[in-house]
Amino acid sequence: PVAPPVPSLSPSPSGAARPAFLIPDDPLKLQGLKLADADLRLRIDELRLNGAVYRAIATRLLLKEGRLAVDPFAAQAPAGHLDLKLNVDAGQAVPQFALVLHAPGLAVKPLLGALGLPDDAAGALEAVADLRGAGASPHAIAAGLDGSLGLALVNGRIDNAALADLLGPVLRSARLPPELAAEAGRGHSDLRCFALRLDAVKGQATLRALALDTPRLRLQGAGSIDLATETLALRLRPETRFANTAVVVPVLVGGTLLAPRTELDPAGAVDPKAPLAVIAGALTGRRPPVAEAADPCPGALAIARGGRPGPDAAPQASGASGAAPAEGGKPPKPIDLLKQLLR
């Protein structure tokens, strides 16, 4: 189904001095590309990086009159063959950039660390990108970006602290305790699937696919991002389960990448009986049956991969999405659910 238009939320005012954008607007230092010409070829039989082993690395770097081409860059990654092509033309008045990437097996642990998130995680991230842009800074390039980016991961594991950092604000806006997704800061959660696909036209990025599935939380989303202003207009649909009862509370995410804002979606369909069923199930031990929703993983993964084949997510456990606490965690207390859900 086609997602309805997502209302925009204006950014929160802030008196604190901070960068205008999350994507850096500092000028790129490309003058060195005009100082020499070069034609370099490199082969590496084996490279060990952050616990991952990459083999049969081969690349050619061609630099001439300020134009840089890395074509090809190929390697045998832990989960498959990696291909990359990069072109930078610093000889133009406005530098031009193009990137084509197919990476089927990037270790997720160092990627989380680079984002400043808890990196006690496991899994291989698939990345597919075909991006083109022009500008003198990363933000200027993003402001006019064209192309697509897809990310996919199946059957991995994520630190619950990272999950709480990423999704805590969304769940709190939905008046759902973050503990329903995972016991914050304790143990790990199995990550059955994660899929993301962004398509950009002149800096206007459309979220074509967003899906995340863990034992306690299922999240889907749609919307857009204006990369020039970094303005968000997203609608997220978090579904949490406790006492074998599903609670779905749609949330709007607005503001900017640097200062996102979340609030309940007034147009979203929320079952008013669901919070009470959660509390009743927790107090009485009775578990009302939950109707299984359609599995979001296969479709979202196919879109994120651009139709390329890839590993499937583990089979969906019937009626058990929230039956057991995540590793190292424990179920939230009924009194805490009461305070959160009926606030």
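The paragraphs below set out a description of the structure included in this document. These figures come from a predicted structure and were not determined experimentally.

Digging into the overall build of the protein chain
From N to C terminus, the protein chain includes six helices and 14 strands. Taken across its 343 residues, the protein chain has 43% of its residues classed as buried. Considering only residue pairs separated by 6 or more positions, the protein chain has 58% of its internal contacts joining residues 24 or more positions apart. When the accessible surface of the protein chain is split by element, carbon and sulfur atoms take 60% of a total near 17,700 Å².

Quick look at the pattern of salt bridges
Throughout the structure, instances matching the rule amount to 13 salt bridges. Where Arg 67 meets Glu 65, a salt bridge forms, and the shortest distance between an N and an O atom there is 3.6 Å. Where Arg 132 meets Asp 130, a salt bridge forms, and the shortest distance between an N and an O atom there is 3.1 Å. Several salt bridges share partner residues, and in doing so they unite Arg 192, Asp 213, Arg 218 and Asp 295 into one network.

Quick word on helix α5 (residues 297-304)
Those residues of α5 that sit buried are Cys 297, Ala 300, Leu 301 and Ala 304. Seen end-on, α5 carries its buried residues on one side only, within an arc spanning 100°. In this structure, the buried residues of α5 make contact with β6 (124-134), β7 (146-159), β8 (188-201) and β9 (204-213). Positive backbone phi, at 65°, marks Gly 306, one or two positions downstream of α5.

Some thoughts on the environment of Leu 163
Relative to the helices and strands, Leu 163 resides in helix α3 (residues 160-173). Under the relative-accessibility criterion, Leu 163 is labelled buried at 3%. C-alpha separation for the pair Leu 163 and Ser 189, spaced 26 residues apart in sequence, amounts to 8.4 Å.

Description of the pairing of β6
With 10 bridges joining them, strand β5 (residues 96-107) and β6 adopt antiparallel strand pairing. By the bridge assignment for β6, Ala 107 is matched with Ala 124. Judged from the seven bridges that link them, β6 and β7 form a sheet pairing that is antiparallel. Residue pairing across strands places Ala 127 opposite Leu 151, the latter belonging to β7.

So, the state of the cysteines
Applying the stated criterion to the full structure yields one disulfide. Disulfide partner of Cys 193: Cys 297, at an S-S distance of 2.1 Å. Taking the torsion about the sulfur-sulfur bond, which here is approximately -80°, the covalent link between Cys 193 and Cys 297 counts as left-handed. Within this pair, whereas Cys 193 is found in strand β8, its partner Cys 297 is found in helix α5, the two being separated by 104 residues in sequence. Among the residues examined, Cys 193 registers a relative accessible area of 0% and is labelled buried. Its relative accessible area of 1% is what places Cys 297 among the buried residues.

Considerations on the environment of Leu 22
Summarising the element assignment, Leu 22 is placed in the segment before β1 (38-49). The partly exposed category is assigned to Leu 22, whose relative accessible area is 47%. For Leu 22 and Ala 259, which are 237 residues apart along the polypeptide, the C-alpha to C-alpha distance reads 9.0 Å. Ignoring any residue separated from it by four or fewer positions in sequence, one finds Leu 22 in contact with Glu 230, Leu 257 and Leu 258.

Calculation rules
- Residues numbered from 1 in each chain as written.
- Predicted model: local features only at pLDDT ≥ 70, side-chain atom pairs only at ≥ 80, totals over all residues.
- Heavy atoms only, no water.
- Helix = DSSP H or I, 4+ residues; strand = E, 2+ residues; numbered from the N terminus.
- Buried < 20%, exposed > 50% of the residue type's maximum accessible area, 1.4 Å probe, protein only.
- Contact = heavy atoms within 4.5 Å.
- Areas by Shrake-Rupley, 256 points an atom, 1.4 Å probe, with all protein chains shown as cover.
- Salt bridge = Lys/Arg side-chain N within 4 Å of Asp/Glu carboxyl O.
- Arc of directions from axis to C-beta.
- Pairing = 2+ DSSP bridges.
- Disulfide = S-S within 2.5 Å.

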